[in-house]
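Residue-level structural notes
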Amino acid sequence: MNWDDETAAGSEERIVGAAAEGDDQAVEAALRPKDLGEFIGQEKVRQQLDLVLKAARQRGATADHVLLSGAPGLGKTTLSMIIAAEMNAPIRITSGPAIQHAGDLAAILSSLQEGEILFLDEIHRMSRPAEEMLYMAMEDFRVDVIVGKGPGATAIPLDLPPFTLVGATTRAGLLPPPLRDRFGFTAHMEFYEPHELERVVTRSAGLLDVTIDPAGAAEIAGRSRGTPRIANRLLRRVRDYAQVRADGVITREIAGAALGVYEVDSRGLDRLDRAVLEALLKLFGGGPVGLSTLAVAVGEERETVEEVAEPFLVREGLLARTPRGRVATPAAWNHLGLVPPQATGAAGAGNGGGPGQQGLFGA
């Protein structure tokens, strides 16, 4: 599941996309909690991180390096800022793709203050030379700066002040073991439960000066795909609808009507998600069908279907990836209100197609 490529594949145009684009970044900054006590969800991560930070403060030392992994929109950047606030330290923010050379990293590291937090987003996308320099910087607080070229090149050791690296990644498996092992604390961010997202929506509504009742918050939370970033985005769109077409108060009915306008259904599926499911069910009898064929059927690029639509459909149990192709699950038929072929005596989804279709191997 390649979370990184969501933006490239077009998720920035989707109201349920997890990438932060444009106005989202400014709004997120205003809605972010400022300390661990205010942070909602991720209970185990919060408790563990609280112990790490309190122990470091009691020792008067910098905190261990922290690695945060998980899907976009779950709060990795927010937690990095909370770490800086809890340690009463400044924070420097950069990203893996921005560090293409070891010299780029050396310039950042050499300008850090003692105790400063360095937040490195998408750390798995950092260049290999910079990655190798980071090993020594994390472990020994030292880097070797190479001066000159060829036989006359000289390595000049440069001592660094103690600092805390907070790395964030959507693909922890791509981190080389030597880098992963140098983090003193590693946490995986899970998707949020609906009741946690209700609290997120209610809190954000208060900060945005929006009146919302519990049923309205529950309706938005249930369509937010387990992601606070999406919940806050949906809340802003529902707020607009309530302001223009109602009395400004968000109820369950208003939230449902507003999200209907934006084509976000009761399970958080949008137009693209439903198009993939409808093609799989109506054109191919539930599958199995190849990814390229499915992409042509919905008029999208193969990468868009695989990297933008499929991860959520698989996580929701609506679609399965098999060696023979994509297959719809019974939950997909139920969600779209369709009757599986087995019920009509046609070929089943597991036999390779809908009515009148042969199986993949002619069965």
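You'll find the structure just up there.
All of these numbers come straight from a predicted model, not from anything done at the bench.

Look at helix α13 (residues 291–298) against helix α14 (residues 302–315): their axes get within 8 Å of each other, and the N-to-C directions meet at 90°. Here α13 lies roughly perpendicular to α14, going by the angle between them. Counted together, Leu291, Ser292, Leu294, Ala295 and Val298 of α13 and Arg302, Val305, Glu306 and Glu310 of α14 form the full contact between these two elements. Class assignment for the residues of the contact of α13 with α14 results in five nonpolar, one polar and three charged.

This part covers the nonpolar core. One finds Leu49, Leu79, Ile83, Ile212, Ile220 and Ile250 to be the most contacted residues of the largest nonpolar core, which totals 51 residues. Top contributing element to this core by residue count: helix α10 (residues 228–245), with seven residues. Once you skip the residues sitting within four places of it in the chain, Leu49 turns out to touch Leu36, Val66, Leu79, Ile83 and Phe185.

Here we take up the environment of Ala71. Take Ala71: it is sitting in the loop between β1 (66–69) and α4 (76–86). Separated by 118 residues in the primary sequence, Ala71 and Met189 place their C-alpha atoms 7.5 Å from one another.

For strand β10 (residues 319–322) and strand β11 (residues 325–328), the ladder comprises four bridges, and the chain directions are antiparallel. Bridge pairing links Ala320 to Val327 in β11. Where β10 folds back onto β11 in an antiparallel hairpin, the turn is made up of two residues.

This brings us to the environment of Leu235. Assignment of secondary structure puts Leu235 in helix α10. Of the residues examined, Leu235 reaches a relative accessible area of 1% and is grouped as buried. In this structure, the C-alpha to C-alpha distance between Leu235 and Leu208, residues 27 residues apart in sequence, is 9.6 Å. Aside from chain neighbours lying at most four places away, what touches Leu235 is Val201, Ser204, Ala205, Leu208, Ile212, Ile220 and Ile250.

What counts and how
- Residues numbered from 1 in each chain as written.
- Predicted model: local features only at pLDDT ≥ 70, side-chain atom pairs only at ≥ 80, totals over all residues.
- Heavy atoms only, no water.
- Axes fitted to C-alpha atoms, helices over the stretch in contact; angles between N-to-C directions.
- Helix = DSSP H or I, 4+ residues; strand = E, 2+ residues; numbered from the N terminus.
- Parallel < 35°, antiparallel > 145°, perpendicular 65-115°, else oblique.
- Contact = heavy atoms within 4.5 Å.
- Nonpolar A, V, L, I, M, F, W, Y, C, P; charged D, E, K, R; others polar.
- Core = buried A, V, L, I, M, F, W, Y, C linked by side-chain atoms within 4.5 Å.
- Buried < 20%, exposed > 50% of the residue type's maximum accessible area, 1.4 Å probe, protein only.
- Pairing = 2+ DSSP bridges.

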